[in-house]
Amino acid sequence: MKNQKFILIACAVFIFIISIGSDYSAYTTEMAIAEAKGEMFEKSFSPMWESFIVPLIFVVIAFIPNSKK
């Protein structure tokens, strides 16, 4: 059972890192497009809320107690 919790938490951390990396990649792409057009880019980087929700669901699932028969 501890093995399953560890796997779920490890997957949550991995998904979190990948999601933040994807959000940052989209940010830099948007910045490069704005600079290529000669526009001023005034946004700051902030990850989307989905980057936090999905890993949080994995962690919550990891700590749901088993039903005892």
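Described in the following lines is the structure provided in the data block.

Cut-off values and rules
Residues numbered from 1 in each chain as written. Predicted model: local features only at pLDDT ≥ 70, side-chain atom pairs only at ≥ 80, totals over all residues. Heavy atoms only, no water. Helix = DSSP H or I, 4+ residues; strand = E, 2+ residues; numbered from the N terminus. Buried < 20%, exposed > 50% of the residue type's maximum accessible area, 1.4 Å probe, protein only. Contact = heavy atoms within 4.5 Å. Salt bridge = Lys/Arg side-chain N within 4 Å of Asp/Glu carboxyl O. Expected span 1.5 Å × (residues − 1). Arc of directions from axis to C-beta. Axes fitted to C-alpha atoms, helices over the stretch in contact; angles between N-to-C directions. Parallel < 35°, antiparallel > 145°, perpendicular 65-115°, else oblique. Nonpolar A, V, L, I, M, F, W, Y, C, P; charged D, E, K, R; others polar.

## Comments concerning the environment of Ile 17
Summarising the element assignment, Ile 17 is placed in helix α1 (residues 2-37). In this structure the C-alpha to C-alpha distance between Ile 17 and Pro 55, which are 38 residues apart in sequence, comes to 9.6 Å.

## Looking at the side chain of Ser 51
For Ser 51, the location among the structural elements is in helix α2 (residues 50-62). For Ser 51, a relative accessible area of 3% puts it in the buried group. If we skip the residues at most four places from it in the chain, Ser 51 touches Phe 16, Ser 19, Ile 20 and Asp 23.

## Remarks on the pattern of salt bridges
Tallying each qualifying case throughout the model produces 1 salt bridge. The salt bridge involving Lys 43 is made with Glu 30; its shortest N-O contact spans 2.6 Å. With a gap of 13 residues between them, Lys 43 in the loop between α1 and α2 and Glu 30 in helix α1 connect regions that are remote in the sequence.

## Describing the environment of Phe 41
Tracing the chain through its elements places Phe 41 in the loop between α1 and α2. The spacing of Phe 41 and Glu 30 is 11 residues in sequence and 8.6 Å in space, taken between C-alpha atoms. Ignoring any residue separated from it by four or fewer positions in sequence, one finds Phe 41 in contact with Tyr 27, Glu 30, Met 31 and Ala 34.

## Considerations on α2
Since there are 3.6 residues in each turn of an α-helix, residues three or four apart along the chain are aligned in direction. The end-to-end C-alpha distance of α2 is 19 Å, a good match for the 18 Å that 13 residues give at a rise of 1.5 Å each. Along α2, the residues classified as buried are Ser 51, Pro 55 and Ala 62. One side of α2 carries all its buried residues, which in axial view fall inside an arc of 5 degrees. Buried residues in α2 make contact with α1.

## Structural notes on the packing of α1 against α2
Pairs of packed helices are described in terms of their axes, by the angle between the two and the distance that separates them. Packing of α1 against α2 leaves a shortest axis separation of 9 Å and a crossing angle of 180 degrees. It follows from the interaxial angle that α1 and α2 lie roughly antiparallel. Counted together, Lys 5, Leu 8, Ile 9, Cys 11, Ala 12, Ile 15, Phe 16, Ser 19, Ile 20 and Asp 23 of α1 and Ser 51, Phe 52, Val 54, Pro 55, Phe 58, Val 59, Ile 61 and Ala 62 of α2 form the full contact between these two elements. Considering only residue class, the contact of α1 with α2 consists of 14 nonpolar, 2 polar and 2 charged.

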